[in-house]
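Residue-level listing of the chains:
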Amino acid sequence: MSEMRRPANSPPRRGSAKPRPAATRAPAAKPYHHGDLRRVLIDAAMQLGGEGGPEAVSVREAARRAGVSPGAPFRHFPSRDALMNAVAEEAQRRFRVEIEAALADAPPGDPLGRFRCLGIAYLRWAMKNPTHFEIISSRRFFDHDRSAGVSGDNAELIGLTERTLAEAFSAGQLRAADLKQIQIAGRALVYGFARMKIDGHFPRWGVADSDAERTAEGIIDLFIEGISKARPFSR
């Protein structure tokens, strides 16, 4: 005889197996090879700083952004200071890239033109990356003296500016021989302009965000006209 069928809504027989839900595989952890995690954490910290300012950078939040456990970063960054130092070195490296790209387009045989390119590249990067500029230019967020990478890069940029001005003087482009004073004045100009932009002073001076870069070029040209022995600087 054939077995009688149970009604569809009848309870299961005692001892029969209950249906099991389909097994789901846990997502595999993102693999990190030697050195990769450090790079990912620095990139995460750079993003945090760019989004929320230097105070938003923390080892724990960088770990969360990188998708690793809170304790994982401490092998690379035992403290927030260590992470901020790495962020400063990365910011300084990106700043150098901007400077080198600008100098690649500088007019050959024109040291004062190269000096202009240096100033414009400085301001362009600072205005596009206000948090990263603030980190590397202020001593509030990491120890400059203990950061060999930032100090070395900064010394090279200072040396580059000194050589550029010395070449401009040798070429008869400058009206004054006090190159150190010119260099400090130029630094004060671009640093002060960048701080005005970052600190939100432009609206009261009637400078719109869309005009900031054009205004930056204008004040650099005024400065160069002031130190130039020749006719007013023309772009």
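Residues numbered from 1 in each chain as written. Predicted model: local features only at pLDDT ≥ 70, side-chain atom pairs only at ≥ 80, totals over all residues. Heavy atoms only, no water.

Student: Explain the overall build of the protein to me, please; I cannot follow it from the model alone.
Tutor: Check the secondary structure of the protein and you find 8 helices and 0 strands. Seen in sequence order, the protein has helices and strands lined up from the N terminus as α-α-α-α-α-α-α-α. Within the protein, buried positions represent 37% of all 235 residues. Here the protein displays about 14,800 Å² of accessible surface, and carbon together with sulfur accounts for 54% of that area. (Helix = DSSP H or I, 4+ residues; strand = E, 2+ residues; numbered from the N terminus. Buried < 20%, exposed > 50% of the residue type's maximum accessible area, 1.4 Å probe, protein only. Areas by Shrake-Rupley, 256 points an atom, 1.4 Å probe, with all protein chains shown as cover.)

Student: Could you clarify how one ought to interpret the packing of helix 3 (residues 80–104) against helix 6 (residues 148–170) in this entry?
Tutor: The axes of two packed helices give the description: the angle between them and the distance between them. At a minimum axis distance of 9 Å, the contact between helix 3 and helix 6 shows a crossing angle of 25°. Taken as axis vectors, helix 3 and helix 6 run roughly parallel relative to one another. Of the two elements, helix 3 crosses helix 6, and the hand of that crossing is left-handed. Along its contact with helix 3, which presents A88, E89, Q92, R93, F95, R96, I99 and L103, the element helix 6 presents G149, V150, D153, N154, E156, L157 and L160. Looking at side-chain class alone, the contact of helix 3 with helix 6 contains 7 nonpolar, 3 polar and 5 charged residues. (Axes fitted to C-alpha atoms, helices over the stretch in contact; angles between N-to-C directions. Parallel < 35°, antiparallel > 145°, perpendicular 65-115°, else oblique. Left-handed = near helix turned anticlockwise from the far one by under 90°. Contact = heavy atoms within 4.5 Å. Nonpolar A, V, L, I, M, F, W, Y, C, P; charged D, E, K, R; others polar.)

Student: Where do I start with helix 5 (residues 130–137) in this structure?
Tutor: Residues that lie three or four places apart on an α-helix share one face, since the helix turns once every 3.6 residues. Along helix 5, 7 of the 8 residues are buried, which leaves the element largely enclosed by surrounding structure. Taken as a whole, helix 5 has its buried residues at T131, H132, F133, E134, I135, I136 and S137. Considering only its buried residues, helix 5 is in contact with helix 1 (36–52), helix 3, helix 4 (111–128) and helix 7 (179–198).

Student: It is not clear to me how the packing of aromatic side chains should be interpreted in this structure. Could you clarify?
Tutor: Evaluated as defined, the whole model comprises 6 aromatic pairs. Between F95 and Y122 the ring centres are 5.6 Å apart and the planes differ by 80°, which places this aromatic pair in the edge-to-face class. Residue F95 is found in helix 3, and its partner Y122 is found in helix 4; the two are separated by 27 residues along the sequence. Y122 carries the same exposure label as F95, and that label is buried. Ring centres 5.7 Å apart and planes at 80° place the aromatic pair Y122 and F133 in the edge-to-face group. (Phe/Tyr/Trp six-rings, centres within 6.5 Å; stacked < 30°, edge-to-face > 60°.)

Student: Sorry if this is basic, but what is going on with helix 8 (residues 212–227) here?
Tutor: An ideal rise of 1.5 Å per residue puts 22 Å on 16 residues; helix 8 measures up with 23 Å between its terminal C-alpha atoms. Within helix 8 the residues assigned to the buried category are A212, A216, E217, I220, D221, F223, I224 and I227. Looking at the packing, one finds that the buried side of helix 8 touches helix 4 and helix 7. (Expected span 1.5 Å × (residues − 1).)

Student: I keep staring at the side chain of H132 and nothing clicks. Help me out?
Tutor: Along the polypeptide, H132 turns up in helix 5. Residue class for H132 comes out buried when judged on its relative accessible area of 8%. Sequence-distant contacts of H132, that is, excluding residues within four places in its chain, are made with M46, G50, A91, R94 and W125.

Student: Looking at this structure, how should I read the environment of V190?
Tutor: Looking at where V190 falls in the secondary structure, it is placed in helix 7. Residue V190 is classed as buried on the basis of its relative accessible area of 8%. With 29 residues separating them along the chain, V190 and I219 place their C-alpha atoms 9.0 Å apart. Apart from the residues lying within four places of it in its own chain, the contact partners of V190 are G119, Y122, L123 and I220.

Student: Even after reading the chapter, I still don't get the packing of helix 7 against helix 8, so can you show me in this structure?
Tutor: Helix 8 packs onto helix 7 with a crossing angle of 160° between their chain directions and a minimal axis gap of 11 Å. Considering the angle they form, helix 7 stands roughly antiparallel to helix 8. At the point where helix 7 passes helix 8, the crossing takes the right-handed sense. Between helix 7, through I182, A185, G186, L189, V190, F193 and K197, and helix 8, the contact on the second element is made entirely by A212, T215, A216, I219, I220, F223 and I227.

Student: It is not clear to me how the pattern of salt bridges should be interpreted in this structure. Could you clarify?
Tutor: Pairing of side chains with opposite charge becomes possible as their charged atoms draw close. Within the structure shown, the criterion is met by 19 salt bridges. Where D199 meets R195, a salt bridge forms, and the shortest distance between an N and an O atom there is 2.6 Å. Put simply, R39, D43, E90, R93 and R94 are held in one network by salt bridges that share partners. (Salt bridge = Lys/Arg side-chain N within 4 Å of Asp/Glu carboxyl O.)

Student: What is the right way to look at the environment of E61 in this model?
Tutor: Mapped onto the elements of the fold, E61 is located in helix 2 (residues 59–66). Residue classification places E61 among the partly exposed residues on the basis of a relative accessible area of 25%. The spacing of E61 and L41 is 20 residues in sequence and 9.5 Å in space, taken between C-alpha atoms. A distance of 2.7 Å separates the side chain of E61 from the side chain of R64, its partner in a polar contact. (Polar contact = N/O pair within 3.5 Å; in protein donor to acceptor, adjacent residues only side chain to side chain.)

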